[in-house]
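Residue-level listing of the chains:
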Amino acid sequence: MPNTRRGDDWSDDVQHEPRPTSSARKPHVVRARRLSPEECNGTVAEIFPNRSAVRLDSRPDVLLCNYRMATLAVRGGSRERSPTCVGDRVRVEGDVIVGACRRRTALARRSPNARNPLTHVMAANLNMLVIVASVREPEYTPGLVSRMLEAADSQDIAVVVCANKIDLLEEGAARPWREFAEARAAVVECSVKSGAGMAELEDLVRGRAAAFCGNSGVGKTSLLRRLLGDDSYGRVAEISAASGKGRHTTTGAVLLPGPANSTWIDTPGVMDFEAVDLKSAEYEEP
Ligand SMILES: Nc1nc2c(ncn2[C@@H]2O[C@H](COP(=O)(O)OP(=O)(O)OP(=O)(O)O)[C@@H](O)[C@H]2O)c(=O)[nH]1
Ligand SMILES: [Mg+2]
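The rules we used
- Residues numbered from 1 in each chain as written.
- Chains lettered and ligands numbered in written order.
- Predicted model: local features only at pLDDT ≥ 70, side-chain atom pairs only at ≥ 80, totals over all residues.
- Helix = DSSP H or I, 4+ residues; strand = E, 2+ residues; numbered from the N terminus.
- Contact = placed C-beta atoms within 7 Å.
- Core = buried A, V, L, I, M, F, W, Y, C linked by C-beta atoms within 7 Å.
- Buried ≥ 20, exposed ≤ 12 C-beta atoms within 10 Å, placed from the backbone.
- Domains from an automatic or database assignment.
- pLDDT = per-residue confidence, 0-100.
- Near = placed C-beta within 6 Å.
- Nonpolar A, V, L, I, M, F, W, Y, C, P; charged D, E, K, R; others polar.

1. Section: the overall build of the protein chain
So, step 1. The number of helices and strands found in the protein chain is five helices and 13 strands.
So, step 2. Long-range contacts, defined as pairs at least 24 residues apart, comprise 70% of the intrachain contacts of the protein chain with a sequence gap of at least 6.

Right under this line is the structure:
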């Protein structure tokens, strides 16, 4: 079933009404703070309404957890649409997330829900961003690639520009994505369908904490299936014949353990990317 929601993923359409404030409400006794790396024991793998799935360091499966907001929520100014994001290092006690570590890096954008301008932190603690574009179907969009590249570059996150569906490129056609090789990015032309360039991509992402981001329908989930050798992961769908665009098949970011301690994050396709710099909100001491 195609995803017919207006936003890029389910949480764009969740209405975040401000909680009623009451002068009679008691102030929190425990002051929220960011934890040290040693205090954390898991990594957020997926976000659901009011809960997160956490991959604990001590066990291979994921645990569905609630939040203890009093000790977790340190905002420092930016209103995020979820208390944690995929890739966040957290402390879990029982099945409750009681705190989170300061993020080393974060890919964040303004959430597309105009009624509620929130920050959407797409992924945290990355050391690589794989910007996936398709050479055709859907059409290649250089603006999105360069905006994402800029956001990663400002945090010293390594960038791979992955031009997928190279099997669809006609002989002699222009290859405008190659311009990004001059912007400190590795550029890989590949095809999930033919296997071209896949070994090169695998070499680049092996051992990395890498998020795969880009438009809907460019092949992010297909690439990850191929890299993981697991066709049962996630869902892929043909792009729409009517619009030539993707169908927003992946509806939330998912952290996937890969070979050689890789952590690869599949993300929902975005229609646009307006970066939010979380440095002042996130990295300064509260
Ligand atoms: N021809 C061709 N088709 C591909 C290639 N890679 C993926 N596709 C097709 O592109 C379509 C979209 O692939 P997905 O993996 O669902 O794309 P996505 O980027 O995850 O899309 P969202 O989850 O909506 O963001 C599917 O029909 C895939 O089979 C490729 O290299 N060549
Ligand atoms: Mg997908």
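Moving on from the coordinates now.
2. What about the nonpolar core?
Nonpolar side chains in soluble globular proteins tend to be buried together.
So, step 1. In this structure, L107, L129, V130, I131, V161 and A211 are the most contacted members of the largest nonpolar core, which totals 68 residues.
So, step 2. Sort the elements by how many residues they give to this core and strand β8 (residues 128–134) lands first, with six residues.
So, step 3. Both domains that furnish three or more residues to this core are identified here as domain 1 (32–102) and domain 2 (126–266).
So, step 4. In contact with V130, other than residues within four places in its own chain, are V160, C162, V205, A210, A211 and F212.

3. Some remarks on the confidence of the model for the protein chain
So, step 1. Counting all residues, the mean pLDDT for the protein chain is 88, and 85% of those residues have values of 70 or more.
So, step 2. Note on residues 1–5: pLDDT is under 50 here. Beyond four places in sequence and across chains, it has eight contacts.

4. With respect to the environment of L144
So, step 1. On the secondary structure map, L144 appears in helix α2 (residues 142–153).
So, step 2. The class of L144 is partly exposed, set by 19 C-beta atoms lying within 10 Å.
So, step 3. Residues contacting L144, with those up to four places away along its chain left out, are G214, N215, D272 and F273.

5. Let's talk about the site of ligand 1
So, step 1. What surrounds ligand 1 is a group of 25 residues, the closest being G219, S222, V236, T250 and G269.
So, step 2. Here the shell around ligand 1 is composed, by residue class, of seven nonpolar, twelve polar and six charged.

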